[in-house]
Structures are given as C-alpha cells and as structure tokens.
Amino acid sequence: RFYQSIDQELFTIEKAIEKVFYQIKAGSLYEDYKISKIQTQNLIAAALKPYSNIFGYKELKINLTGSSYEVLTDEKWSEYILSQLISNAVKYTPQGGQIEISTKLSDNSVTISVKNSGQGIPSQDIGQIFKRGYTSSDNRSGSKATGYGLYLAKKVAEKLGHRLSVDSKLGQYAMFSLTFSQEPTLYQVTKL
C-alpha cells in the first residue's frame with residue numbers, strides 16, 4: 001500500500017509536468033508536428049501504457065473493441081490527446097469500474113472512443129467541458145482539476161484537423177471521441 005501511494009504520487013507529478021510541457025509547445029504546434037500514417041492500435045497502446053499500474057491499483061476492467069485502422073495524424077500529439085481522455089476516464093471511474101476503448105470506421109472517418117463507467121458529466125457542463133480553466137460544477141475531481149487537460153486536447157485536435165467530442169449520461173457514463181477524417185485536410189496536405 002505504501003509503494004502504491006508513492007507510485008501514484010510520482011505518476012501524478014509526471015503527468016502534471018507533461019501537461020505543462022505540452023501546453024507550452026501547443027502554441028507553436030505547426031513547428032512541432034509530423035503527419036504520417038499511423039495504426040490506431042499503436043496510438044491506443046502507447047496512450048494506455050503509462051496507466052497500467054493505475055488500472056491494477058483501482059481494479060479497473062478495460063475492454064478494447066474494434067479493429068485497427070490507418071489514420072493520417074501526428075503520432076505524438078494524438079497520443080497526448082488519447083492520454084488525456086484515458087487520464088480522465090481513470091480519474092472518474094470508481095474502484096472496480098470499467099473503461100471501454102472502441103475504434104470504429106465510418107464512411108470518411110475513423111473514431112476512437114474512450115467510455116468510462118461512473119457518475120458521468122452533468123448536462124450543464126457538457127457545453128463547457130472543453131473551455132480553458134473550466135472544472136465541473138459537481139467538483140468531480142476535487143482539488144486536482146486544472147481545467148486545462150481537455151481544453152488543450154481539443155485545441156490540438158482542431159489544429160490537426162481532427163474532431164474531439166463528448167457524450168454522457170449522468171450516473172452512468174462519460175464518453176469522449178476523437179475522430180480522424182479520412183479525407184486530406186489543410187494540415188495533412190501541407191505537411192506530406
């Protein structure tokens with residue numbers, strides 16, 4: 001139990017430092033990205049890896065569904081976005097709960113969704129959740145919320161030509177979806 005507490009604190013510090021680093025770099029994203037073809041399963045695996053101990057400590061079940069698809073994106077920044085979604089899912093899923101990560105292909109897009117069991121997001125927060133500095137009206141994360149993780153994830157997704165959205169049912173789940181267009185965007189064309 002002692003080592004678990006130390007491990008969790010070190011993880012929290014590491015993620016906080018990473019968030020500051022990405023926040024600084026996001027201002028000059030156009031200088032720090034490389035668009036290439038990436039498999040969605042590789043993005044998901046890389047984003048999940050840092051959370052393996054936390055999944056064990058909280059006894060969280062993870063369910064991965066869907067196939068792997070090739071998307072055009074910046075690998076590092078897309079991993080960052082998925083990491084933010086997974087971080088929130090882990091934070092807001094109760095002990096012994098479940099997180100589902102699904103990948104779906106539709107006509108012109110591929111979507112990776114991260115859905116967690118738990119209390120969900122109050123309806124009055126849905127429209128505000130991606131705003132800078134915004135934290136839940138229900139104080140869902142206590143004093144650890146900064147309101148910058150989802151804001152920065154949304155900002156980066158938009159700069160890459162991707163779409164980040166949220167769906168929730170209070171008392172049941174919250175689901176965040178990152179959608180990659182299969183059609184070339186301005187960012188993809190200029191960096192290929």
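Values in this document were obtained by computation on a predicted structure and should not be read as measured data.

## Brief notes about the overall build of the protein
Each helix and strand counted, the protein has 7 helices and 7 strands in total. Written out in order from the N terminus, the α and β elements of the protein read α-β-α-α-β-β-α-β-β-α-α-β-β-α. Expressed as a percentage of its 192 residues, the buried residues of the protein come to 42%. The contacts of the protein with a sequence gap of at least 6 include a subset with a gap of at least 24, amounting to 75%.

## Quick notes on unusual backbone geometry
Here Glu59, not a glycine, exhibits a phi torsion of approximately 55°, which is positive. Summarising the element assignment, Glu59 is placed in the loop between helix 3 (52–57) and strand 2 (61–65). Glu59 sits in the exposed class, given a relative accessible area of 53%.

## So, the sheet that holds strand 4 (residues 98–106)
Strand order across the open sheet formed by 5 strands is 2-4-5-7-6, with mixed pairing between neighbours. The open sheet has two edge strands with one neighbour each: strand 2 and strand 6 (163–169). Averaged over all neighbouring strand pairs, the angle between strand axes comes to 15°, with direction disregarded. Sheet topology places strand 4 next to strand 5 (residues 109–117); 8 bridges connect them, and they run antiparallel. If you follow Ile101 over to strand 5, its bridge partner there is Val114. Across the sheet, helix 2 (residues 40–48) is in contact with strand 2, strand 4, strand 5 and strand 7 (173–181); its angle to strand 4 comes to roughly 160°. Here helix 4 (residues 75–92) sits on the sheet and contacts strand 4, strand 5, strand 6 and strand 7; the angle it forms with strand 5, its principal contact strand, is near 20°.

## With respect to helix 6 (residues 149–159)
Looking only at helix 6, the buried set comprises Gly149, Leu150, Leu152, Ala153, Val156 and Ala157. Seen from one end, helix 6 has its buried residues packed into an arc of 160°, which puts them on one side. Among the residues trailing helix 6, Gly161 stands out with phi positive, at a value near 85°.

## Quick look at the packing of helix 2 against helix 4
Closest axis-to-axis distance for the helix 2/helix 4 pair is 8 Å, and the angle between their directions is 55°. Considering their axes alone, helix 2 and helix 4 lie oblique with respect to each other. For the element pair helix 2 and helix 4, the recorded crossing hand is right-handed. For the pair helix 2 and helix 4, contact is made by Leu43, Ile44, Ala46, Ala47 and Leu48 and by Glu75, Ser78, Glu79, Leu82, Ser83 and Ile86, respectively. Its residues assigned to classes, the contact of helix 2 with helix 4 comprises 7 nonpolar, 2 polar and 2 charged.

## Let's talk about the environment of Ala157
On the secondary structure map, Ala157 appears in helix 6. Judged by relative accessible area, Ala157 falls into the buried class, the value being 0%. The residues touching Ala157, leaving out its near neighbours within four places in the chain, are Ile81, His162, Leu164 and Leu178.

## Focus: the confidence of the model for the protein
With 72% of its residues at a pLDDT of 70 or more, the protein shows a mean pLDDT of 81. In the model, residues 139–143 has pLDDT below 50 throughout and makes 7 contacts with residues more than four positions away in sequence or in other chains.

## A few points about the packing of aromatic side chains
Applying the stated rule across the entire model yields 2 aromatic pairs. On the numbers, 6.2 Å between centres and 75° between planes, the contact of Trp77 with Tyr80 is edge-to-face. In this pair, Trp77 and Tyr80 both sit in helix 4, 3 residues apart, roughly one turn of the helix. For Trp77, a relative accessible area of 0% translates into the label buried. A relative accessible area of 2% means that Tyr80 is categorised as buried. With 6.2 Å between their ring centres and 80° between their planes, Phe130 and Phe176 make a pair best called edge-to-face.

Calculation criteria
Residues numbered from 1 in each chain as written. Predicted model: local features only at pLDDT ≥ 70, side-chain atom pairs only at ≥ 80, totals over all residues. Heavy atoms only, no water. Helix = DSSP H or I, 4+ residues; strand = E, 2+ residues; numbered from the N terminus. Buried < 20%, exposed > 50% of the residue type's maximum accessible area, 1.4 Å probe, protein only. Contact = heavy atoms within 4.5 Å. Pairing = 2+ DSSP bridges. Axes fitted to C-alpha atoms, helices over the stretch in contact; angles between N-to-C directions. Arc of directions from axis to C-beta. Parallel < 35°, antiparallel > 145°, perpendicular 65-115°, else oblique. Left-handed = near helix turned anticlockwise from the far one by under 90°. Nonpolar A, V, L, I, M, F, W, Y, C, P; charged D, E, K, R; others polar. pLDDT = per-residue confidence, 0-100. Phe/Tyr/Trp six-rings, centres within 6.5 Å; stacked < 30°, edge-to-face > 60°.

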